[in-house]
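Below, each chain spelled out in residue letters.
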Amino acid sequence: MKRKVVSVLLSTAMAVTMLAGCGGNSGSSAAPSEAAPASEAAAPETAPSAEAAASEIASSEAGTEAAASGETISVGFAQVGHESDWRTAATKSVQDAFSAENGFDLQFVDCDNDSAAQLEAVRNFIQQDVDYIVIDPIVSTGWDTVLQECEDAGIPVIVIDRTIDDSDKYTAWVGSQFTNEGLAAGAWLKDYAAAKGMDELNILVISGTTGASAQLGRSNGFDEYVKAEGWNKLDEQTGDFTQEGGQEVMESYCKSYEGKFNVVVCQNDNEAFGAQQAMDAAGVSYGVGGDVVLISFDACTAGLQQVLDGKINADFQCNPLSGPDCASIVQKLQAGEEVEKETFMAEPWYVAESDLTSITYKNASGEEVTEDLIPVTQEIVDAAY
Ligand code: AHR
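What comes next concerns the included structure. Everything quoted here is computed from the prediction, not taken from an experiment.

Within the secondary structure, Gln177 sits in the loop between β5 (172-175) and α6 (178-196). Between the C-alpha atom of Gln177 and that of Ser213, which follows or precedes it by 36 residues, the distance is 9.7 Å.

Given below as structure tokens:
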């Protein structure tokens, strides 16, 4: 069933509302600020798993209504690829939420981290005249033309996870505060180093896919601490968010910076697993009581297990379970309702040791926030994705 005209009108109305300055932390929409990209300027909004579960139920109920009325909603989903455990969880979340049982016909394209393939996938969805397009953008730029084509075809676009930063021609976005993740990692490292009496930090960073908003936000946030604290960042090279990439970069770091580093920051868990393999081979110890402090992002099941085992010191969650929120947005559009332009997933910070209980830092909106540090338990690992 098509409600494209209604959806596009809604989208346009919302864009006007956004430009008029609707935002702040009490709603999911965020006013752009100079301190951070518009997409990262608000506090987390989506509650953790309990609300996600409620949202899933709501989505499922709405989907059941659509299914009962015989109206199947066609959705094309251009996914980044399959580079990480996080990505596998994200794909499953969308596939579960957009199930046939919930009244959807989901076409899924794994773009294998190839931006050209992702643009082509979106154009194929336009040709097929799907009702909605969901994009998890590999990189944050290069989208304006194809999003204009979606708009011209009257197909609303919902962006999830990573942001699109060079166009506002999408209806809604659901995802993470990547800059806050990087800031939180910096704030934690500052307090951890002080608590452990580490007076000199020599840091190696294995970054994610270059130009992905997850990479840009984490790098920019962490770099604020590097600059402010005068830490020595020896190098930053991309591991492309993969285990192989993390291992390869760390192997080269172990040769180039032998005996010269005491902190490794990996921008996702899979890179951290690869870095661990390389450090094991080079005889470098890491984690609790090791020579190297190992920081990661994502907090997937295997990553949290490593935190519990003391092999990763801190893991900053990026929540991949945006499927229910995304499906709920489509259902609302379908019903002619307004939707929030931006929805932020809530994300806790996990640590291996319990001596530090919280961090205080200035977030991407410029607000000073104090957030809990959660020591990982087996129950937390078992409940993860
Ligand atoms: O965009 C989210 C990032 O992409 C996750 O941190 C990473 O695991 C994935 O590949």
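Moving on, we come to the pairing of β5. Covered by surrounding structure in β5 are Ala172 and Val174 together with Trp173 and Gly175, the residues of both alternating faces. Bridge count between strand β4 (residues 157-160) and β5: three bridges; the pairing is parallel. Residue Val159 lies in a different strand from β5, and its bridge partner there is Trp173. Pairing of β5 with strand β11 (residues 342-344), which is carried by three bridges, proceeds in the parallel orientation. Across the sheet, residue Trp173 finds its bridge partner in β11, namely Glu342.

Here we come to the pattern of salt bridges. Under the criterion given, the structure shown has 15 salt bridges. A salt bridge links Glu149 to Arg123, with the nearest nitrogen and oxygen atoms 2.7 Å apart. One end of the pair, Glu149, is in helix α5 (residues 144-152); the other, Arg123, is in helix α4 (residues 115-127), and 26 residues separate them in sequence. The exposure class of Arg123 is partly exposed, given its relative accessible area of 33%. Asp144 is paired through a salt bridge with Lys169; the nearest N and O atoms lie 2.9 Å apart. Of this pair, Asp144 sits in helix α5 while Lys169 sits in the loop between β4 and β5, and the two are 25 residues apart along the sequence. In this structure, a network of salt bridges that share partners links the residues Glu83, Arg87, Asp136, Asp161 and Arg162.

What follows concerns the site of the ligand. Taken together, Glu83, Ser84, Trp86, Arg87, Asp161, Arg162, Ala214, Arg218, Phe241, Asn268 and Asp298 make up the full set of residues near the ligand. Residue Arg87 places a side-chain N or O atom 3.0 Å away from an oxygen atom belonging to the ligand. Considered on its own, the ligand offers 280 Å² of accessible surface; in the complex 100% of this is hidden by protein. Residue assignment for the shell around the ligand shows that the elements contributing at least two residues are α3 (85-97) and α7 (213-229). Of the residues assigned to the shell around the ligand, the class counts are three nonpolar, two polar and six charged. Residues from two domains meet in the shell around the ligand; each of domain 1 (13-177 + 320-344) and domain 2 (178-318 + 349-383) gives at least three.

As summarised here, the arrangement of the eight strands in space is β7-β6-β8-β9-β10-β12-β14-β13, forming an open sheet in which the pairing is mixed. Edge strands, defined here as strands with exactly one partner in the open sheet, are β7 (232-238) and β13 (358-362). Between one strand axis and the next, the sheet turns through 20° on average, direction left out of account. In this sheet, strand β14 (residues 368-375) lies alongside strand β12 (residues 349-351) in parallel orientation, the contact comprising three bridges. The partner of Val351 across the bridge, within β14, is Pro375. Contacting β6 (202-207), β7 and β8 (263-266), helix α8 (residues 243-256) runs over the sheet at an angle of about 150° to β6. Against the sheet, helix α9 (residues 269-282) touches β6, β8, β9 (293-298) and β10 (314-317), its axis set at about 155° to β9.

Here we come to the sheet that holds β11. Sheet architecture is open: six strands sit in the order β2-β1-β3-β4-β5-β11, paired in parallel fashion. Looking at strand neighbours, the two that pair on one side only are β2 (104-110) and β11, the edges of this open sheet. Between one strand and the next, the sheet's axes are offset by a mean angle of 15°, whatever the strand orientation. Helix-sheet contacts for α4 involve β1 (73-79), β2 and β3 (132-135), and the interaxial angle to β1 is about 170°. Across the sheet, helix α11 (residues 323-334) touches β1, β2, β3, β4 and β5, and the angle it forms with β4 is around 165°.

Moving on, we get to the packing of aromatic side chains. This model, assessed by the stated rule, comprises nine aromatic pairs. With 5.1 Å between their ring centres and 70° between their planes, Trp173 and Phe344 make a pair best called edge-to-face. Here Trp173, found in strand β5, pairs with Phe344, found in strand β11; they are 171 residues apart in sequence, far enough to count as distant. Residue class for Phe344 comes out buried when judged on its relative accessible area of 0%.

Criteria and thresholds
Residues numbered from 1 in each chain as written. Predicted model: local features only at pLDDT ≥ 70, side-chain atom pairs only at ≥ 80, totals over all residues. Heavy atoms only, no water. Helix = DSSP H or I, 4+ residues; strand = E, 2+ residues; numbered from the N terminus. Buried < 20%, exposed > 50% of the residue type's maximum accessible area, 1.4 Å probe, protein only. Pairing = 2+ DSSP bridges. Salt bridge = Lys/Arg side-chain N within 4 Å of Asp/Glu carboxyl O. Near = heavy atom within 4 Å. Polar contact = N/O pair within 3.5 Å; in protein donor to acceptor, adjacent residues only side chain to side chain. Areas by Shrake-Rupley, 256 points an atom, 1.4 Å probe, with all protein chains shown as cover. Nonpolar A, V, L, I, M, F, W, Y, C, P; charged D, E, K, R; others polar. Domains from an automatic or database assignment. Axes fitted to C-alpha atoms, helices over the stretch in contact; angles between N-to-C directions. Contact = heavy atoms within 4.5 Å. Phe/Tyr/Trp six-rings, centres within 6.5 Å; stacked < 30°, edge-to-face > 60°.

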